[in-house]
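Fold and contact review
Residues per chain, in single letters:
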Amino acid sequence: MAENMFLFWGSGSIPCWKPMIVLEEKGFGGYKNKLITFSNKEHKGEDVLKLNPRGQVPTFKDGDIVVNESNAICEYLECTYTDKGTQLIPTDKAKRARVLQRMHEAAANMQQKLVLDLLYYFFQTKEEDRKEEEVAKKVEAAKEELDRWEAYLGETKAFVAGPDFSMADVWFYPFIAFSVRMGLELEKFPNMKAYYDKVTARPSVQKSWPPHWKEEPAKFSPFKGRI
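About the thresholds
Residues numbered from 1 in each chain as written. Predicted model: local features only at pLDDT ≥ 70, side-chain atom pairs only at ≥ 80, totals over all residues. Heavy atoms only, no water. Helix = DSSP H or I, 4+ residues; strand = E, 2+ residues; numbered from the N terminus. Rg over C-alpha atoms; globule rule 2.2 N^0.38 Å. 1 Å grid on protein atoms, 1.4 Å probe; cavity = no way out; pocket = protein on both sides within 12 Å on 5 of 7 lines; lining within 4 Å. Points joined across faces, edges and corners; volume = space filled by probe spheres on them. Nonpolar A, V, L, I, M, F, W, Y, C, P; charged D, E, K, R; others polar. Domains from an automatic or database assignment. Contact = heavy atoms within 4.5 Å. Buried area = accessible area lost by both parts, 1.4 Å probe. Salt bridge = Lys/Arg side-chain N within 4 Å of Asp/Glu carboxyl O. Polar contact = N/O pair within 3.5 Å; in protein donor to acceptor, adjacent residues only side chain to side chain. UniProt positions renumbered as here; feature names shortened; annotations may be inferred. Pairing = 2+ DSSP bridges. Buried < 20%, exposed > 50% of the residue type's maximum accessible area, 1.4 Å probe, protein only.

Take the overall build of the chain next. Scanning the chain for helices and strands turns up nine helices and four strands. For the chain, the sequential pattern of α-helices and β-strands runs β-α-β-α-β-β-α-α-α-α-α-α-α. Whereas a compact globule of 227 residues would reach a radius of gyration of roughly 17 Å, the chain reaches 18 Å, a difference of no more than 12%. Projected onto the principal axes, the alpha-carbon positions of the chain cover approximately 50 × 45 × 30 Å.

Okay, here's the thing in structure tokens:
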């Protein structure tokens, strides 16, 4: 099956990383793929645009079926290949409800509080134009969000939705890994630190780890000393 799959992806992209973890968890390692370079605008290349008119990655093909958008690819793979590899969305109603809740909670709130509000502020605002009161407000909101997940992990003592690795972890973990690269100090969040170490060691995560993270340290650590 993997030989019929093709993924366009970018290194270090949270949206790209999520379906890559799912592909590994479902046992589809070895799928065909192309690593694109954002700085060269390869995501706007003809080979991507003919499948995804928005010119975005991840862009995914399974035979003649094209699925774009990170979360859609994840759900497609789980729904289509439920019997393969790790079951990422439980069939039990109560467990399924918890996983779905945490999936969408992570997608909405971690992305908003840590990436769109805080990280993008540093990326898009010149240092001389940054307002400390604005930074402090965004940092506090990010801390509150992290504290919430710290509490969740304190309850489960394992993964974000319970004792088993699930799609909720696929959607949550890359935000934490990216934040650590941006300077997040997990010693302040002991439950999250234990969780981060455990998930980082999973074969699916190791096999899909952003290659340029292995080769070079982050050039910018805006979270360091702030969160």
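Bringing the layout of surface pockets into the picture now. There is about 1,100 Å³ of room inside the largest pocket. Looking at the lining of the largest pocket, the elements that each hand over two or more residues are α1 (14-25), β2 (32-36), α4 (93-124), α6 (167-181) and α9 (211-215). At seven residues, α4 tops the list of elements feeding residues into the lining of the largest pocket. For the lining of the largest pocket, the residue count by class is 20 nonpolar, eleven polar and four charged. Of the domains in this structure, domain 1 (2-80) and domain 2 (93-208) are the two that each give at least three residues to the lining of the largest pocket. Empty space within the second largest pocket amounts to approximately 200 Å³.

What follows is about the domain arrangement of the chain. Interface size is often expressed as the accessible area that is lost when the parts come together. In terms of domains, the chain is made up of domain 1 (2-80) and domain 2 (93-208). On a C-alpha basis, the centroid separation for the pair domain 1 and domain 2 is 22 Å. With 13 residues of domain 1 in contact, the opposing surface of domain 2 contributes 17 residues. A buried area of about 1,400 Å², summed over both sides, lies between domain 1 and domain 2, and 74% of it is on carbon and sulfur atoms. In this structure, the connection of domain 1 to domain 2 is made through one salt bridge. In this structure, the salt-bridge partner of Glu25 is Arg202, at a minimum N-O distance of 2.9 Å. Summed over the shared surface of domain 1 and domain 2, the number is three residue pairs in polar contact (both at pLDDT 80 or more). Within the residue set of the side of domain 1 that touches domain 2, elements represented by two or more residues are α1 and α3 (70-80).

It is worth spelling out the UniProt feature "coiled-coil region" (unreviewed entry) in the chain at this point. Mapped onto this structure's residue numbering, the UniProt feature "coiled-coil region" (unreviewed entry) falls at residues 125-152. With 75% helix and 0% strand, the stretch residues 125-152 has end C-alpha atoms that lie 33 Å from each other.

This part takes up the pairing of strand β4 (residues 65-68). Where strand β3 (residues 59-62) meets β4, four bridges bridge the pair, whose relative direction is antiparallel. Within β4, the residue paired with Thr59 across the bridge is Asn68. With antiparallel pairing between neighbouring strands as the criterion, β3 and β4 make up a hairpin whose turn holds two residues, including Gly63 at a positive phi of roughly 70°.

Next up on the list: the environment of Val170. Turning to its location among the elements, Val170 is positioned in helix α6. If we ignore the near neighbours within four places in the chain, the residues touching Val170 are Lys18, Ile21, Val22, Cys74 and Phe165.

Further remarks concern the UniProt feature "domain: GST C-terminal" (unreviewed entry) in the chain. When the UniProt feature table is mapped to this numbering, "domain: GST C-terminal" (unreviewed entry) covers residues 92-223. As annotated, residues 92-223 comprises 71% helix and 0% strand, and the C-alpha atoms at either end are separated by 38 Å.

Another point: unusual backbone geometry. The peptide bond linking Val57 to Pro58 adopts the cis configuration, its omega dihedral lying at 10°. Its location among the elements puts Pro58 in the loop between α2 (46-49) and β3. Positive phi values are uncommon outside glycine, yet Lys41 reaches one of about 55°. Mapped onto the elements, Lys41 comes out in the loop between β2 and α2. Lys41 sits in the exposed class, given a relative accessible area of 58%. The residue Glu69 is not glycine, and still its phi comes out positive at about 80°. Following the sequence through the fold, Glu69 ends up in the loop between β4 and α3. By relative accessible area, which is 44% here, Glu69 ends up partly exposed.

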